[in-house]
Amino acid sequence: MAFFEGNNMTAGYGNGPDIISSCTLNANKGEIVAILGPNGAGKSTAMKSLLGLLNLKSGNVKMDGEDISKFSPQDRVRKGISFVPQTKNVFSELTVNENLKIGAFLRDENLENVIKEIFELFPVLFDKKNQVVGELSGGQRQQVALGRALMIKPSVLMLDEPTAGVSPIVMDELFDHIVKIKKNNVAIIMVEQNAKQALSISDRGYVLVTGKNKFEGSGKDLLNDPEVRRSFLGA
Amino acid sequence: MDFLNAIILLLNFTILPALTYGSQLALGAIFVTLIYGVLRFANFATGDMMSFGTMFAVILTYYLQSLGINFGMLPTALLTIPFAVFMMIFYMLTVDKFVFGYYRLKKSPPVQLAMVSVGVMFVTQAIIRIIIGPSDRRFLDGEKFILKAREFKEITGLNEGLTIKSTQIITIFVTIIVVSTMFWFLNKTKTGTSMRAYSDNEDLALLSGIDPKKVVLITWIIAGILATIGGILYGLDKSYRPFVYFNNMLPIFAAAIVGGIGNPYGAFLGGYVIAFAEIFLTYAYKKFFMYILPESLEPTSLVQLLSTDYKFAISFSILVIVLLFRPSGIFEGKKI
Ligand SMILES: Nc1ncnc2c1ncn2[C@@H]1O[C@H](COP(=O)(O)OP(=O)(O)OP(=O)(O)O)[C@@H](O)[C@H]1O
Ligand SMILES: [Mg+2]
């Protein structure tokens, strides 16, 4: 049994068709789990289901053994699940500082220390702390998005394409940060298009195709699996 | 000396009235912009909501006067603000619960909510007509002037007099207090920041644990304060006539759009832009030019660009021009 798990999840948008069917994903504390798959496979949908943004038609979501399938997204956040969506993942009209503070909206204690930790993790942001996030570069914005999600000191962190649209150098930096976060005993689930790099820092990975689990295994196994390589890693 | 007279003339007939009127518009425009920024619809009931709040101030003022209670030199109406604001917020929250809330839950498009607000406008107008009727009411008491033209002339020895009405000073003063408190709240408090976050990115705000119900509640509370105080200040300065409040919606919307809809700071400045434009363009400058030009060049006409009957045309033209050329408003700045 894993710390955070989605078991046999089936879900769709509104009354539409099932986008994911019987999809199972899980992650343990201190583990990075990559979710890979072609565009439209339902990776983002699976994440939204884990957070409760979609209602499950069947299956369940468990955290630390407790079934949280009926919890609202806000209650899941309160339990320590943080989510960085694929798009619109920052408050672009607020400053860096305000973004971080809103990230900790549910926490009452003194935030200064937590904010200081975030700035230690992302030193660039410190210099820009009073700047409006809409005026930052794409890479800096992704750091704000990560920082915002870290403000509640989550035990589960879900990242939907954290490196979308950033240069290879910034991508490596972001991956370094993610590895650092994992060392704080956080369970990390991330969707990535940069499959090779993502797998190289991941402990495990899943490949989703049309909303179903197609392959799963350790990062290394997936990287070396000839079928996975041929269809998803482009080599 | 003539130059000073010319300045006083402008101050008396354009600048001071425009600052006053601009403050009143600014309060209404911030109200429009807040509702638009947070609840995402153009509230056509704005004018009548302002009228609704003012109505309670008028009624309570009459009642206090009948009891012989007054506020000394200041208008009694100022004492009624808390009560009027309370009634206004109560009304707004009731309307939100039974009308707007339903469409918000259904995630109706903004146009639909705007149409719904037209319905709310008609109902509000009807309620006002039932409670207080459509006629013109004056409810200003206390000291009417801070400085009278004659006194000013005696003191300075100038030809032109400067009249400072107490309502002008009260309007400007109260507006500064209300608006600066509101900006402090929006920018410096946790709740205010969460409102701005909700307005900026609703989904992410929900993911951060911000409670949308609380945001909606606070928005109506601030809106109620702005609407009522704006309405009372306008009514004290001119008079309380429900229909005029409905008419004022045009300059108020123009101010909000000039400022960039959704941007409260812009709406605040927009109020003054519209007020100054209206008053500067409809003022007859004949006397002004008589002071500053040599006699040979003195104008024979009134030198009035537009008759005051056209003052709404000015708001309307500004509205259209801004929407055509700078639809995001003429001021830089953060949205709420
Ligand atoms: N809000 C929505 N309403 C209806 N259908 C949606 C919605 N979001 C996504 N879908 C549909 O669900 C399917 C899976 O979308 P999803 O975003 O989960 O894919 P993805 O694997 O994250 O793709 P990508 O790699 O492009 O981000 C798509 O066919 C998409 O059209
Ligand atoms: Mg996606």
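It should be emphasised that the depicted structure is a prediction, and the values quoted were computed from it without experimental measurement.

A. Looking closely at the sheet that holds strand 8 (residues 187-191) of chain A. Residues and elements named next belong to chain A. In spatial order, the strands read 6-7-8-3-9-10; together these six strands make up an open sheet with mixed pairing. The strands lining the two open edges of the sheet, one partner per strand, are strand 6 (81-84) and strand 10 (212-218). Between one strand and the next, the sheet's axes are offset by a mean angle of 15°, whatever the strand orientation. Here strand 9 (residues 204-209) runs beside strand 10; their pairing, made up of six bridges, is antiparallel. Bridge pairing links Tyr-206 to Glu-216 in strand 10. Sheet strands touched by helix 1 (residues 43-51): strand 3 (31-36), strand 6, strand 7 (156-160), strand 8 and strand 9. Its angle to strand 7, the strand with the most contacts, is close to 150°. Strand contacts of helix 7 (residues 168-183): strand 3, strand 7 and strand 8, with the helix running at about 150° to strand 8, the strand carrying the most contacts.

B. A look at helix 3 (residues 77-105) of chain B. Bending of helix 3 of chain B peaks at approximately 50° at the position of Asp-96 of chain B. Phi for Lys-107 of chain B, located one or two positions after helix 3 of chain B, is positive at around 55°.

C. Highlighting the coordination of the magnesium ion (ligand 2). Residues and elements named next belong to chain A. Around the magnesium ion (ligand 2), the protein supplies Ser-44 (OG) and Gln-86 (OE1) as donor atoms, at distances of 1.9 to 2.2 Å. Of this pair, Ser-44 sits in helix 1 while Gln-86 sits in the loop between strand 6 and helix 3 (96-103), placing them 42 residues apart in sequence. With relative accessibility at 34%, the residue Gln-86 sits in the partly exposed group.

Conventions we followed
Residues numbered from 1 in each chain as written. Chains lettered and ligands numbered in written order. Predicted model: local features only at pLDDT ≥ 70, side-chain atom pairs only at ≥ 80, totals over all residues. Heavy atoms only, no water. Pairing = 2+ DSSP bridges. Helix = DSSP H or I, 4+ residues; strand = E, 2+ residues; numbered from the N terminus. Axes fitted to C-alpha atoms, helices over the stretch in contact; angles between N-to-C directions. Contact = heavy atoms within 4.5 Å. Bend = angle between axes of the 7 residues up to and from the residue. Donors = N, O, S within 2.8 Å, 3.2 Å for Na, K, Ca; no water. Buried < 20%, exposed > 50% of the residue type's maximum accessible area, 1.4 Å probe, protein only.

So, to be careful, I would describe these as geometric facts and stop short of saying anything about function.
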